[in-house]
Amino acid sequence: MKMCVITAMLFLVISGQCGILAGKVNKHKPWIETSYHGVITENMDTVMLDPPLVALDKDAPVPYAGEICAFKIHGQEAPFEAEVLNRTSGVGVLRARGPIDCEQQKEYTFIIQAYDCGASPTGANWKKSHKAVVHIQVDDVNEFSPVFREPLYRATVTEGKIYDSILQVEAWDQDCSPQYSQICNYEIVTQDTPFAIDRNGNIRNTERLSYDKQQHYKIMVTAYDCGQKRAMESVPVHIDVKPVCKPGWQGWNKRMDYEPGTGSKQLFPKMHLETCDGPLSSVRAMVELQTSHIGKGCDRETYSEKSLQKLCGAASGSTDLLPAPSVSTNWTASLLTDSGRDSDLIFRFDGRQAANIPEWVVPQNLTDQFTIATWMKHGPSPGLRAEKETLLCNSDKTEMNRHHYSLYVHNCRLVFLLRRDFIQLDSFRPAEFHWRLEQICDKEWHYYVINVEFPSVTLFVDGVTYEPYLVTDDWPIHPSEIDVQLTVGACWQGGEVTTPRFTQYFRGSLSGLTIRPGKIATQKVISCLQACKEGLDISSLESLGKGIKFHFNPAQSVLVMEADDLESINTAMTKVSYINSRQFPTPGLRKLHITTTVQCFGEDTCISIPDIKAMVMVLPPSEPRITIAGVERLVWPAAQLRAPFGVALFKDIHIISTVTKTDATLSSARRPGVLELMHNLDYCDVLVIGEELDPEWESLEIHHSSLLGKHLDATNSTSGISIYGVDSMVHYEQAIRQVRYHNWKPGGLSERRFRLSCSELNGRYTSNEFNLEIGIVHSSEAVEHVNHMAVQSQYMRPVHHPLVVHTVNSDHISGTPPAATVVIVMCIAALVVIVVLGIYRIHTTHQDGSKEDEEGRKDPEMDWDDSNLNITVNPMESINGTQTAEEVMEEEPDEEEDEDEEDDELADLSSAESEDSDEDEEDDELADLSSAESEDSDEEEETYIQKGKVKGKLKWDPSTLPY
């Protein structure tokens, strides 16, 4: 025990002595530089330090105390470690613990210290140096290629201009160092291009570009970094060449096609205004539709003047002084007409033509209220002091040269002269009314209406009112017995000259010259008569917005629009449209003229916009084919023509209009390529073929009630009847079916022929000529009482009239006396005709069952006045070789009767005075055949007709049948 204590005490003593000795050996701390600068290349692990990493210790060469055992790094979690290469010399090395990426971090800073090995192998009592700062820079490696910032570059240049820089391309590099991250050069890869590029990526053109030569260029560009590493992919550059900027409208077509019936069509759907970036404060555009070469100034309805006035609701009683030449209106035959105006009747006066209006046409009393209206186209008169040019003149026919009233042009002034007749008050009164207007001599069509409410006279030009600027008074004309002459195109000078002649000739064009006594035209009627059916339009007004102002002229041929910005005016121009409301418009070109004014801030005009000249082509409409169909031959008894109401000529008439189409979508149930078209007509004429009607015994009439509720009127003469007015084909059908023919003495007349034709647009489209022949049956003739010879139109379903034929059983004829044989033989022909046609019509009636309801109505006009008709039947005759009279009568009761009864029956057939009949059924049957007055026979016929739906009923009066 004591021994252990002694040993422990000895160890403690020795340890204390060793500690004192060690403290004396490791007396100094290691020494290193205060700072280090190092460089490491990325992706490498060794750091090149300056100065080198060396630690010194003054305790050297004492073992352990003078040796360096370690370097330790502190701070920022630096990815480095230090290693001692030689403990004695203190040399160390700095290495990276892993790959160093310059792109992630370019520099590192941290603290390093050196540690000695202490005083013993155990490292006890080690000492550390002071802290040294280490700054390491990462050297970059050119591992990345340049990359362009955009996948594609675009630019637009104007032709003929040299640019310093058209556009700039830009590339970049991911390397961290300036040497490798900067782009030092660009290059155009595409060969033979008129472009160059500088070090900064600016592309310029090396020569003036031409839009006509080439409108588009595509070049490829690459880039190099300062390490001369080239981009992996070149970038495309597109350069468009545009023409020299010229302010004006762009995106419009010179010609626009217009198809009839399509309504309003946009003229400039893609139009826009180019101002070349010029500043503007307002834009004003005027669109003008020029139609002076179409008809009378524009596309108007070309109906006759009478039809137009009826359509517009004008008062009746007007006189057309320039009608179309015809037999009854031959005073215009010698005048020059302007053909090719789409059925628009225009008379052209060259200073040598004039027309005398027949006395029976001239209104005899104009009264204090009357209207003169005309279309006129007139230019400046030749000469300094031009003569008067007379449109209308009413002057003395002989002896004197007094003008009672006239309308003339003098030095571009319109003058109306009205000399009233002398009354008890002998004083000056207004006589000459003068108007000075630009329209009178502008060589354009205008509609002139003079409303006279004496002493006031008002002029309307194209619906606008003008009061006379000068009114001259004159003495009234004293009454005389001298006849007056009304002329058009000049004034008649019948007195004060050696030879009466025309004077003051008119030079210009006239159309629709009318005069209406007793009434004046209203503003509404005037506007209707001169209204244009074509014009400019704006589609979708609500889309224009508040930034646009616009207005039309009354004819809608001029449109003016104003806006404060380009967007508004561009939107408005795309909405400008053309519209033509006529069903059959006049085909041809319409010119368009657009003028534009641009105002800049503080200036009147700053940009000049060229005018635009375009055109609208109105395509020809599908021409309708008007077809009149119906029964072409009728047979009437003479007595019916003498009836109070005469006979209806066109009871079954039908009028249809068709157009040919190539549309593949047409229904197969209809005729291929043919469509039925609904439109108006403006007149239908019924003309007498052959000799004119004898007004003492014949007439064609239509009752006024047939025209009520329609826009129709009618006139008749010995040559026929004319129904006119703009109305539907249905109304014309209804009116024509009421045309009736009367003949109070048809004695020697066996037939009459008539011709029906209709027109649309004053003869522009005409129907076929439908010929109707009526046969007149007199008492001495035995003719079938039916209307046959019906020719069916290819567009109409056939209408058939079945005929009921009653025959007698042959047993009743076996005892016919010889005296009746001759009469019976003579009547065989009539019987054959009746029976054959009857069977044929019954057969066709069954085939046409769809018309039963329409044809089931009985037409009282088809009843015969048969008081003098004599028909004798031979029931033994065969029918068409297939059916005899006995076969026809097989349904009749076949009873026994004696010879005397047969004789009595034959007597009933042949004697008109016999009223007796036996009570046997066979006697009754024979009486039914021979007497149309028998009630049993009437009932039998009526029952049969109802089954066959026949229009007329056959009535035989046997009272006058001879043997």
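For the structure, see preceding data.
A brief structural summary. All figures in this text were calculated on a predicted structure; none of them were measured in a lab.

Quick word on the environment of Arg501
Item 1. Tracing the backbone through its elements, the reader meets Arg501 in strand 37 (residues 501–503).
Item 2. Apart from the residues lying within four places of it in its own chain, the contact partners of Arg501 are Cys491, Trp492 and Gln493.

What about the sheet that holds strand 25 (residues 355–357)?
Item 1. The sheet built from seven strands is open, its strands ordered 25-35-27-28-29-30-34 with antiparallel pairing. If you trace the sheet from one side to the other, it starts and ends with strand 25 and strand 34 (470–474), each paired once. Pairwise comparison of adjacent strand axes, ignoring direction, gives a mean angle of 20 degrees for this sheet.
Item 2. Examined bridge by bridge, strand 27 (residues 389–396) and strand 35 (residues 484–488) share five bridges and lie antiparallel to one another. What sits directly across from Cys393, in strand 35, is Thr487.

Some points on the layout of surface pockets
Item 1. Of the pockets and cavities examined, the largest pocket occupies roughly 1700 Å³.
Item 2. Along the wall of the largest pocket there are 48 residues; nearest its centre are Lys306, Pro323, Ser328, Thr329 and Thr715.
Item 3. Mapped onto the lining of the largest pocket, the elements with two or more residues apiece are helix 3 (305–311), strand 22 (319–320), strand 38 (507–517), strand 51 (680–689), strand 53 (713–717) and strand 54 (720–728).
Item 4. Ranked by residues supplied to the lining of the largest pocket, first place goes to helix 3 with five residues.
Item 5. When grouped by side-chain class, the residues that make up the lining of the largest pocket number 19 nonpolar, 20 polar and nine charged.

What to know about the pattern of salt bridges
Item 1. The tally for this structure, following the rule as stated, stands at 16 salt bridges.
Item 2. Among the ionic pairs, Glu67 bridges to Arg87, the shortest N-O distance being 3.4 Å. One end of the pair, Glu67, is in the loop between strand 2 (46–50) and strand 3 (68–74); the other, Arg87, is in the loop between strand 4 (80–86) and strand 5 (91–96), and 20 residues separate them in sequence.
Item 3. The salt bridge involving Arg582 is made with Asp299; its shortest N-O contact spans 2.6 Å.

Things to note about the pairing of strand 53
Item 1. Two strands pair when backbone bridges link them, and strand 53 and strand 54 are joined in this way by five bridges, in the antiparallel orientation. Paired with Asp713 across the bridge in strand 54 is Tyr724.
Item 2. A loop of two residues connects strand 53 with strand 54, the two strands running antiparallel in sequence.

Overview of helix 7 (residues 729–736)
An α-helix turns once per 3.6 residues; consequently, residues spaced three or four apart project the same way.
Item 1. Those residues of helix 7 lying buried are Met729, Tyr732, Glu733, Ala735 and Ile736. All buried residues of helix 7 lie within an arc of 165 degrees about the axis, which places them on one face of the element.
Item 2. As for helix 7, its buried residues are in contact with strand 49 (654–660), strand 51, strand 54 and strand 56 (751–760).

Comments concerning the state of the cysteines
Item 1. Across all of its chains, the model carries nine disulfides by this definition.
Item 2. Two residues, Cys184 and Cys226, share a disulfide whose sulfurs are 1.7 Å apart. Between Cys184 and Cys226 the sulfur-sulfur dihedral comes to about 80 degrees; the bridge is accordingly right-handed. In this pair, Cys184 is assigned in strand 12 (residues 183–188) and Cys226 in the loop between strand 15 (216–225) and strand 16 (235–242), connecting sequence segments 42 residues apart.
Item 3. With its sulfur 1.6 Å from that of its partner, Cys245 forms a disulfide with Cys276. Judged by the sign of its S-S torsion, about -105 degrees, the bond between Cys245 and Cys276 is left-handed. In this pair, Cys245 sits in the loop between strand 16 and strand 17 (248–250) while Cys276 sits in the loop between strand 20 (272–274) and strand 21 (282–290), placing the two residues 31 residues apart along the sequence.
Item 4. Residue classification places Cys276 among the partly exposed residues on the basis of a relative accessible area of 25%.

What about unusual backbone geometry?
Most peptide bonds are trans, and most residues other than glycine sit at a negative phi.
Item 1. Omega for the bond connecting Ala60 with Pro61 falls within 30 degrees of zero, at 10 degrees, which places this linkage in the cis form.
Item 2. Positionally, Pro61 belongs in the loop between strand 2 and strand 3.
Item 3. For the peptide bond that leads from Phe454 to Pro455, omega is 10 degrees, which places it in the cis range.
Item 4. Relative to the assigned elements, Pro455 resides in the loop between strand 31 (445–453) and strand 32 (456–461).
Item 5. Despite not being glycine, Gln228 shows a phi value in the positive range, around 60 degrees.

What counts and how
- Residues numbered from 1 in each chain as written.
- Predicted model: local features only at pLDDT ≥ 70, side-chain atom pairs only at ≥ 80, totals over all residues.
- Heavy atoms only, no water.
- Helix = DSSP H or I, 4+ residues; strand = E, 2+ residues; numbered from the N terminus.
- Contact = heavy atoms within 4.5 Å.
- Pairing = 2+ DSSP bridges.
- Axes fitted to C-alpha atoms, helices over the stretch in contact; angles between N-to-C directions.
- 1 Å grid on protein atoms, 1.4 Å probe; cavity = no way out; pocket = protein on both sides within 12 Å on 5 of 7 lines; lining within 4 Å.
- Points joined across faces, edges and corners; volume = space filled by probe spheres on them.
- Nonpolar A, V, L, I, M, F, W, Y, C, P; charged D, E, K, R; others polar.
- Salt bridge = Lys/Arg side-chain N within 4 Å of Asp/Glu carboxyl O.
- Buried < 20%, exposed > 50% of the residue type's maximum accessible area, 1.4 Å probe, protein only.
- Arc of directions from axis to C-beta.
- Disulfide = S-S within 2.5 Å.

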